[in-house]
Amino acid sequence: MAFNKESVLKQLNDVCKNTLMETLSIEYIDAGEDFLTAKMPVNPKVHQPAGILHGGATVALAESVGSAASRMVVESNQQVRGIEIAANHVKSIQEGWVFATAKIVHKGRTTHLWEIRITDEKGQLISLCKLTNIVLSAK
């Protein structure tokens, strides 16, 4: 079956209702067979007290995109759980949008490793994250 980007994005955005992704206004905007991109607004709702993007919000965005990307590539009888995430924050941002793109580094039977690059509207790197997911049988 051919990859249908519009269908995948609709499904991913639909399941985010009443979740942290909706609270943070995360929206999936682009997808391919080996990547997924989402955007999140940077505003006071995701700021830390100094008025810049909170690292925790950045990590929540990264894990949301990397986990959803794993769900795109597993079978319907499997589920995904994040087991480790690491983030390096290299630049701060006060307002605008950030974009997170997860690209597969390793797709094993039981683990997936994703690199998630979070950039601003100019394409400047804000954070570089690494997410490891475990693939489990659905019960």
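These lines cover the structure that appears in this document, whether it is placed above or below. Within any chain, residue numbers begin from 1 and follow the written order of that chain's sequence. Totals for whole chains, interfaces and linings use all residues, but because this is a predicted model, local features are given only for residues with pLDDT of at least 70 and pairs of side-chain atoms are given and counted only at 80 or more. Neither water nor hydrogens contribute to the side-chain values; these are computed over all heavy atoms in the structure.

1. A look at the sheet that holds strand β2 (residues 35-42)
Just so we agree on the cut-off: Here, strands pair whenever DSSP counts at least two bridges between them. Numbering goes from the N terminus for both helices and strands, where a helix is a DSSP run of H or I of at least four residues and a strand is a run of E of at least two. Here an axis means a line fitted to C-alpha atoms, over the contact stretch when the element is a helix, while the angle between two N-to-C directions is reported on a 0 to 180 degree scale.
Read from one edge of the open sheet, six strands run β1-β2-β4-β5-β6-β3, paired in antiparallel fashion. Edge positions in the open sheet fall to β1 (27-32) and β3 (78-89), since each of these has one partner strand only. The sheet shows a mean angle of 25 degrees between the axes of neighbouring strands, direction not considered. Judged from the 11 bridges that link them, β3 and strand β6 (residues 125-137) form a sheet pairing that is antiparallel. Residue pairing across strands places H89 opposite S127, the latter belonging to β6.

2. Here we look at the pattern of salt bridges
Short version of the rule: For this document, the term salt bridge refers to a Lys or Arg side-chain nitrogen within 4 Å of an Asp or Glu carboxyl oxygen. Each residue is assigned to one of three classes by its accessible area relative to the maximum for its type, calculated with a 1.4 Å probe on protein chains only: buried under 20%, partly exposed between the two thresholds, exposed over 50%.
For the structure on display, the rule yields two salt bridges. In this structure, K5 and D30 form a salt bridge, with 3.1 Å as the shortest nitrogen-oxygen distance. One end of the pair, K5, is in helix α1 (residues 5-14); the other, D30, is in strand β1, and 25 residues separate them in sequence. Of the residues examined, D30 reaches a relative accessible area of 25% and is grouped as partly exposed.

3. Re the environment of V105
Heads up, the rule is: Residue contacts follow a heavy-atom distance rule, with two residues in contact if any of their heavy atoms lie within 4.5 Å.
Tracing the chain through its elements places V105 in strand β4 (residues 96-107). Assessed through its relative accessible area of 54%, V105 is described here as exposed. Residues V105 and L131 lie 26 residues apart in sequence; the distance between their C-alpha atoms is 9.8 Å. With near-sequence residues (within four places) excluded, V105 lies in contact with L113, W114 and E115.

4. A look at α1
The condition is simple: The directions considered for the arc run from the helix axis to the C-beta atoms. Residues adjacent in sequence count toward polar contacts only when both atoms are side-chain atoms; beyond that, a polar contact is any pair of N or O atoms within 3.5 Å, and within protein one must be able to donate a hydrogen and the other to accept it.
V8, L9 and L12 are the residues of α1 that are buried. The arc that holds the buried residues of α1, viewed along the axis, is 95 degrees, so those residues lie on one side. Of the exposed residues in α1, those oriented more than 90 degrees away from the buried face are E6, K10 and Q11. As for α1, its buried residues are in contact with β1, β2 and α3 (55-73). Of the residues that open α1, the one with a side-chain oxygen 3.2 Å from the backbone nitrogen of E6 is N4.

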